[in-house]
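Observations on chain architecture
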Amino acid sequence: MHEYSIVTALLEQCEQHAIANQAGKITKVVIKIGVLSGVEPALLATAFETFKLEGRAREAELEILHQELVLECQACQSTHTIKERSVICPSCHSYETRIIEGEELLLMQLELETDE
């Protein structure tokens, strides 16, 4: 289950940002998960709840934004946003597509609370 190692790295990154900004608490973590990222959002959320118990993120809320697949077709020059895991152009049914979005796992927002 690679979601555990992803959450560990995510929490380390959040802790580093909190330290750099002299924050005593992480209140919210917003991530974007692409449909083709290879990450299962439910497992990642469970892992986050398990591993956040130590450190500044122990009370943090996790918000997951789901990124649909955005394809650009080289054959018909169209761009499509699709929900399923398919790289076939919905317009011309070509396999000559390029993935614009949908493979990423990104930290989008981090809310911190300082002691001041």
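Summarised in this report is the structure supplied together with it. All figures in this text were calculated on a predicted structure; none of them were measured in a lab.

Some words on the pattern of salt bridges
- Inspection of the entire model under this criterion finds 7 salt bridges.
- Measuring nitrogen to oxygen at the nearest pair gives 3.2 Å for the salt bridge that ties Glu-49 to Lys-52.
- In this structure Glu-49 comes out as partly exposed when scored by relative accessible area, which is 41%.

Quick notes on the pairing of strand E3 (residues 69-73)
- Within E3, 4 of the 5 residues are buried, which leaves it mostly tucked inside the rest of the structure.
- The turn joining E3 and strand E4 (residues 79-82), which pair antiparallel and follow one another in sequence, is formed by 5 residues; a positive phi near 60 degrees is taken by Gln-77.
- Where E3 meets strand E5 (residues 97-101), 4 bridges bridge the pair, whose relative direction is antiparallel. Each bridged residue has a counterpart across the sheet, and for Leu-71 the counterpart in E5 is Ile-99.

About the criteria used
The residue numbers shown here count from 1 along each chain, following its written sequence. In keeping with the model being predicted, local features are shown solely for residues with a pLDDT of at least 70 and side-chain atom pairs are shown and tallied solely at 80 or more, while totals for entire chains, interfaces and linings include all residues. Note that water and hydrogens are dropped before the side-chain values are worked out from all heavy atoms of the structure. Basic side-chain nitrogens of Lys or Arg form a salt bridge, by our definition, when they fall within 4 Å of a carboxyl oxygen of Asp or Glu. Buried means the residue's accessible area, taken with a 1.4 Å probe over protein chains only, is under 20% of the maximum for its type, while exposed means over 50%, and partly exposed covers the values in between. In this description a helix means any DSSP run of H or I spanning at least four residues, a strand means any run of E spanning at least two, and both kinds are numbered starting from the N terminus. Here, a strand pair is defined by DSSP locating no fewer than two bridges between the strands.

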